[in-house]
Amino acid sequence: MALNYIWIAFFVIAFVVSLIKLVFFGDTEAFKLLVEGLFNSSKSSVMDIALPLIGSMAFWLGILNIGEKAGAINFLSRIVRPFFSRLFPDVPKDHPATGQMMMNFSANLMGLDNAATPLGLKAMGSLQELNPDKEIASNAQIMFLVLHTSGLQLLPVTIIAQRAILNSKDPAEVFLPCIIATYVATVVGLIAVAIKQKINLFDRVIIGWLGGVTAFITLVVWYFTTQLTKEQISTVSSVISNVMLFTIPVIFIVGGLIKKVNVFEVFVEGAKGGFETSVKIIPYLVAMLVGISVFRNCGALDYMNEGLRWVCVQFNLDTRFVDAMPVAYLKPLSGSGSKGMMITVMQNFGVDKFAGRLAGIFNGSADTTFYIVALYFGSVGIKKSRYAIPAGLIADLAGVIAAIFIAYLFFGHQP
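Cut-off values and rules
- Residues numbered from 1 in each chain as written.
- Predicted model: local features only at pLDDT ≥ 70, side-chain atom pairs only at ≥ 80, totals over all residues.
- Heavy atoms only, no water.
- Salt bridge = Lys/Arg side-chain N within 4 Å of Asp/Glu carboxyl O.
- Helix = DSSP H or I, 4+ residues; strand = E, 2+ residues; numbered from the N terminus.
- Buried < 20%, exposed > 50% of the residue type's maximum accessible area, 1.4 Å probe, protein only.
- Contact = heavy atoms within 4.5 Å.
- Expected span 1.5 Å × (residues − 1).
- Core = buried A, V, L, I, M, F, W, Y, C linked by side-chain atoms within 4.5 Å.
- Axes fitted to C-alpha atoms, helices over the stretch in contact; angles between N-to-C directions.
- Parallel < 35°, antiparallel > 145°, perpendicular 65-115°, else oblique.
- Left-handed = near helix turned anticlockwise from the far one by under 90°.
- Nonpolar A, V, L, I, M, F, W, Y, C, P; charged D, E, K, R; others polar.

1. Topic: the pattern of salt bridges
Working definition: two side chains of opposite charge can pair if their charged atoms are close together. Taken as a whole and judged by the stated rule, the model has 10 salt bridges. The residue D323 makes a salt bridge to R309 at a minimum N-O spacing of 2.9 Å. Of this pair, D323 sits in the loop between helix 13 (300–314) and helix 14 (325–330) while R309 sits in helix 13; the two residues are 14 residues apart in sequence, bridging distant segments of the chain. Taking the shortest distance from any N to any O, the salt bridge between R320 and D318 comes out at 3.2 Å. Take R320: its relative accessible area is 23%, and that puts it in the partly exposed class.

Here is the structure:
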């Protein structure tokens, strides 16, 4: 229901703002921009996102089917069962959804976006099988979605690569700030949902796992910042991501061979669902991206930013962070939109200036809440998201606030 009102608001706000610009300021291009954005985003949502996703979906669902038949998913489920059984008490032990969720989280952790989406959609489908009311999001689905939208990532390869393309003197300098910001978002999102679902966060297993993850992230940060040169961080991040991306299917295929599974036929069987799922999500993609497009093209984001700048000036606050805020506004709405805005901020203010650095940290601090809610819940027919969006936005807000503080901590002394 929340997504319904938000989507309506996109169009109403865009119409009102554009009408004011036309009537009071004589901007004859206002509605033209909205209509052009409407058609362009409609086309892009199908041609640039849904159709290319078919191939990726088919491949990864096929690989996942091999992993299930070979017992790899079940093996992974047993490893994380103690922790997941506390966070997802409604999911039975040894259910395939546990391993699928873990695969999705692992892909996100390594920055493997192409693999994370198909794996996440598969996990959401498995959780839907356990859902007693097929139109209302279950507790397990909400927990999974919020943890996913918090975007925990250890290797922000795309951001580092983009900074390198724009000739940054030190492309990897945002590596540590990105990890800290996204970890804060994930922990806050987990706590918000756990409180709502009355999950005991002081359970020794939960504390143990969270402590272990924190220690692991600390170790990774220590290694990258003390054992590698600044030039090596970007290269090592990229190598690890690509090695992981290829290692997963190889392990599953070899496992299937050992288990005497007809690997090719099992792959084809699983891949068949890729087309069906990709086609099913097209209406949700079109609806979400068109709404975001008209909201952005009407200029509402610019007005929001100027309002924030005015408030900061009234309280004598440093306003440098405001220049990067459009990235934070767009991140919960659109991954491609926030990436495009990140590049724009870097180009306009300088990739190695405060705003340019903060734009990169914003882009790596969380994931696209509204887009993911529409995509994941839409793929299984969920119509009522309950508190999934508020919880996801709480995680996003935590990531944004953390990113601002961390940027001032690391780069505040620089222009």
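2. Some remarks on the environment of P249
On the secondary structure map, P249 appears in helix 10 (residues 230–258). When residues no more than four places from it in sequence are discounted, the contact partners of P249 are F59, W60 and I63.

3. Considerations on helix 12 (residues 282–297)
In an α-helix, one full turn covers 3.6 residues, which means residues spaced three or four apart are oriented alike. Across its 16 residues, helix 12 extends 22 Å between first and last C-alpha, which sits within 8% of the 22 Å expected from 1.5 Å per residue. Burial in helix 12 covers these residues: L285, M288, L289, V290, G291, I292, S293, V294 and F295.

4. Overview of helix 15 (residues 335–349)
Spanning 15 residues, helix 15 covers 21 Å between terminal C-alpha atoms, matching the ideal 21 Å at 1.5 Å per step. The inward-facing, buried residues of helix 15 abut helix 7 (157–165), helix 12, helix 14 and helix 16 (354–365). Following helix 15 by one or two positions, G350 adopts a phi angle in the positive range, close to 105°.

5. Some words on the side chain of Q162
Mapping Q162 onto the fold places it in helix 7. For Q162, a relative accessible area of 11% gives the class buried. Beyond its immediate sequence surroundings of up to four residues, Q162 is in contact with K339, M342 and I343.

6. Some points on unusual backbone geometry
Even without a glycine there, the phi angle at K198 is positive, about 60°. Position of K198 relative to the elements: it lies in the loop between helix 8 (175–196) and helix 9 (204–226). With phi around 55°, R386 is a residue other than glycine that occupies positive phi space. Checked against the element boundaries, R386 lands in the loop between helix 17 (369–380) and helix 18 (388–411).

7. Things to note about the nonpolar core
Ranked by size, the top nonpolar core spans 91 residues in total, and within it F88, F144 and F362 carry the most contacts. With sequence-adjacent residues up to four places away left out, F88 is seen in contact with M101, A140, M143, F144 and L147.

8. Points about the packing of helix 6 (residues 139–149) against helix 8
Packing of helix 6 against helix 8 leaves a shortest axis separation of 9 Å and a crossing angle of 165°. Considering the angle they form, helix 6 stands roughly antiparallel to helix 8. Every pair of crossing elements has a handedness; the one defined by helix 6 and helix 8 is right-handed. Contact residues: I142, M143, V146 and L147 in helix 6; T186, G189, L190, V193 and A194 in helix 8. The residue makeup of the contact of helix 6 with helix 8, split by class, is seven nonpolar, two polar and no charged.

9. Focus on the environment of I394
Tracing the backbone shows I394 in helix 18. I394 sits in the partly exposed class, given a relative accessible area of 43%. For the pair formed by I394 and R296, sequence separation is 98 residues and the distance between their alpha carbons is 22 Å. Excluding residues that lie within four positions of it along the chain, I394 makes contacts with V188 and A192.

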